[in-house]
Structure formats: structure tokens, C-alpha cells
Amino acid sequence: MNYFRQLTIAVLHPGTEAGSALDRNNRITVFAFAILPGLSPNFNSFILLASMVWGLYCLATGRLALNLSRSDRLVAIGMSIYPLVMIASIFINPPYSEELDWIFRLLPFFSVWLILPRMRQSPDGRLVPLFILGAGIGMIATFLLSLLQIAFLMDRAEGGATNAALLGIIGILFGGIALLNLQSPKSVEQRIAILGYAAGLGCVLLSGTRSAWLVIPVHVLIFIWFFRKRGFHLSLRSLAITGSLLFVGLVALGSGPVFHRIQELQENLTSVERTDGEITSLSARFALYKGALSAISKDPLTGYGPQNRMSSVLAELPDNIRPQLSFTHVHNGFLTAGIDAGVFGIAALSLMLLTPVIGAWRKEPGPGRDLAIALALLLFSSYVITGSFGIMFNQKALDPIFAYMVALICTDRGSTLFAPVVSS
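Just so we're clear, the structure is a prediction, and the values are computed from it rather than from any experiment.

Novice: Teacher, can you tell me more about the environment of alanine 295 here?
Specialist: Among the structural elements, alanine 295 can be located in helix H14 (residues 281–298). Spatially, the C-alpha atoms of alanine 295 and isoleucine 339 are 7.0 Å apart, while their sequence positions differ by 44 residues. Look past the residues within four positions of alanine 295 in its chain and what remains in contact with it is Tyr304, Ser312, Glu316 and Ile339.

Quick look at the structure:
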């Protein structure tokens, strides 16, 4: 309990140095943003929107300067091209009845311009460790909530995300972020790192998000690269906890939701070749992919606009299938971007996905660069792999998370040395 008392002081009481109020607000915001995704992702949207409004006010009144480096501007421009392309596609392709709603959904991708100057008011190396620690704490709380949901006979855990697939994506990403804290010399932070990663994997398993399972080996390779390069401190007690969690993980692997999803996939595979008109999860994806590719081939340059997304896809499918496909996207982020804005949409999406990697890679060599690259690779791989089979963007939880993390990755210099959140 002494550690968490010190943690509260570290977050809420920045000291007496100049700019300490801004630093305190930054820390509270970053810490809350890391904890909340699996518990209530709507609050992440609110935090990002409030940060954007406050950042715009501070820039307009001169309280903050737009002190973005050349690398920062490159990242911010790369983030902005995607929403600009999508906005253009909205107005190129009528009808215009929902254009304001779609434009509002795209606002998070402009946020780097507004929130990065505010983050820069905190000393180097202060926000990222707090975000990593918050990710671990948030995953532990989310896993406990997910266990309660399974205990009350839910087929798939949803956490506070109200969507099992969304919980799986958040679990694999934020669990991976939590594990980066193994480099901390504080034993309590090591334990939170291990527990947070195990909890994230538990959320992935209990949610039955099969696309998130594919991310696990890729993240393992990222961890091997990062920890071999930087090293980490791990006590015998933490090692014992690790072994225990591996055992718990094996038990979770044999849980009902996992077996159910594997069995469902096997049944879907055997029914793909049937011609009785039954639509399964797998056959629905195949139909959506086929319809999307056909629609893109007919209008590869401008697309159809996000407001016409599903109508253009369904128009390419047989009449007996259309009523059974009540989706808002085609379960592939790249095809969705192609439907929305043609090849320009796919190119803009690909550039935006690479912006965190570009921002991290362009830093000068040092521990700050290594940690930024690890965060960027975790973010990039999580979105690309899960988004190739399900949700990627145009979602009120995933859009703010991606945009906020891109700004956070850009915050510190490559030479920054990171200290534990609680140093005493």
C-alpha cells in the first residue's frame, strides 16, 4: 500500500517547479487514458476530445507554442492525410445527409497537432513510464471484470468495452505495453508488468478474439528484440510469480470461451463449401471481401465514400445473402479504406499506420528511441493484424487510442533516460 500511496503523490503532486500544474494535468490525463480502455473506452474519447479543445484554446491564446520538430510535423501530416482523404471522398460521393457525423468521427486523427505541444510541457521521461504502468493496472482491473462476466455465463467476455472483439484488441495491445515495465528496477512495477501482461492475454482468451491470438507471436518477437537490447531486472520472487501466471494461463487456455471459438472456427471451415445459403462468421467475411474487391475494381480511384460503404458492397452480392450481412464495415481495414476512398484511401491508411514507427525511428539513438520503437511496433502490429480480420478504425474507442499513442510516442527525445514512476 505504501507504493500506491507514493504513486498517488507522484501523479497528483508535481512539486513547485514552473509549469508543474500543466505537468500534473498531463500525468493525470495520461495515467487515466492508459487505465480506461478495457473498462470504459468511451472515456478515452472524452479525454482526447477535451485535450484537443484545451490544446486548441491554449494555442489560440498563446499559452502554448506549436513547438513541433520536423519529425513531429512529418508524423502529424501523415496522420492528417487519412482524414482529409476520407473527408474529400464524403463530398465527392453523394448523398450528403451524414457528412457532419462522419467528419466528427475523423477529428481524433488531427489530434497530434493539438495535444503534443501540451505533452511537451512535462519533463522528458515522465509521461511514458506512467502510461506503461497505467496500462498494467488497467489490464488487471479489466481481467477481473471479464472473469466476472464469464462467471455469469456470458459466452464471450466484453470487459467494459461492450464488444468482445474490441476487448481482445485492447487486451493484446495494452497487455503488451504493460510488459515493457519489466525494465523498471522497482519490484512492484515488475510485478504489475507481469500481472498486466497476463491479464491482457487473459482478456484476449476470454473474449474469444481469434485475430488477437495471431498477434501474440509477433509481440513475443518485439519483446525479444527490446529486452535483449535494453535488458531488464527480474527478482526471484517475480520469476516465481511469472511461473504461477503461466500455469494460470494454461488453465485459461482450456476455458470454455477458447474451446468454443476454436470449435466454431472448425464448424465454419467445414460449412464454407455448403450451398444451403447458411451464413457463418467465416463465410460472411468471405462474402464481404468478395463484394468489397468487386466494388473497388469498379471505382478504384475515388471509392464510394464511407456513407455509402455497405450499400456499395452489398450491391455486389447475391440477393439471398444481403439480408444476412448487417455490418458497418467489411472486417478488413484496408478493404474498408478502399471502399471509402479507393486506392488513395488505402495509401492514406497505410501511411497513417506507419506514422508511429516513423516518429520513433527518426529519434536520435538512445533508450528513449528504443522504448518508442517498441511501443510503435506493438501499436502497429496490433492494429494491422487484428484490423485485417475485423475492426481497425472508424470506431469510437480504437481511433482515440491510436491517435493518443502516436502523440505519446513522439513526446520524448531518443536520448531520454526513463526512471520508475515512484522513485523513492
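Novice: What should I look at first to understand the packing of helix H2 (residues 20–35) against helix H3 (residues 41–61) in this one?
Specialist: Packed helices, taken two at a time, are described by their axes: the angle between them and the distance between them. Between H2 and H3, the least distance of the axes is 9 Å, while the angle of their chain directions is 155°. Here H2 is positioned roughly antiparallel relative to H3, judged by the angle of their axes. Note on packing geometry: the crossing formed by H2 with H3 is left-handed. In this structure, H2 contributes Thr29, Ala32 and Phe33 to the contact, and H3 contributes Asn44, Ile47 and Ser51. Its residues assigned to classes, the contact of H2 with H3 shows three nonpolar, three polar and no charged.

Novice: What am I meant to see in unusual backbone geometry here?
Specialist: In most cases, non-glycine residues show a negative phi, while peptide bonds are predominantly trans. Unlike most non-glycine residues, histidine 331 shows phi in positive territory, near 60°. Structurally, the position occupied by histidine 331 is in the loop between helix H15 (309–314) and helix H16 (333–361). For asparagine 394, which is not glycine, the phi torsion reads 60° and is therefore positive. Here asparagine 394 shows up in the loop between helix H17 (367–387) and helix H18 (398–411). Classification of asparagine 394 by relative accessible area gives partly exposed; the value is 21%.

Novice: Mind showing me how you'd approach the pattern of salt bridges here?
Specialist: Side chains carrying opposite charge are able to pair once their charged atoms draw close together. Applying the stated rule across the entire model yields seven salt bridges. Aspartate 23 is the salt-bridge partner of arginine 27, the closest N and O atoms lying 3.5 Å from each other. One end of the pair is arginine 27 and the other is aspartate 23, both in helix H2 and four residues apart, which spans about a single turn. A residue is classified by how much of its surface remains accessible, and aspartate 23, at 1% relative accessible area, is buried. Residues participating in the shared-partner salt-bridge network are Asp23, Arg27 and Arg126.

The rules behind these values
- Residues numbered from 1 in each chain as written.
- Predicted model: local features only at pLDDT ≥ 70, side-chain atom pairs only at ≥ 80, totals over all residues.
- Heavy atoms only, no water.
- Helix = DSSP H or I, 4+ residues; strand = E, 2+ residues; numbered from the N terminus.
- Contact = heavy atoms within 4.5 Å.
- Axes fitted to C-alpha atoms, helices over the stretch in contact; angles between N-to-C directions.
- Parallel < 35°, antiparallel > 145°, perpendicular 65-115°, else oblique.
- Left-handed = near helix turned anticlockwise from the far one by under 90°.
- Nonpolar A, V, L, I, M, F, W, Y, C, P; charged D, E, K, R; others polar.
- Buried < 20%, exposed > 50% of the residue type's maximum accessible area, 1.4 Å probe, protein only.
- Salt bridge = Lys/Arg side-chain N within 4 Å of Asp/Glu carboxyl O.

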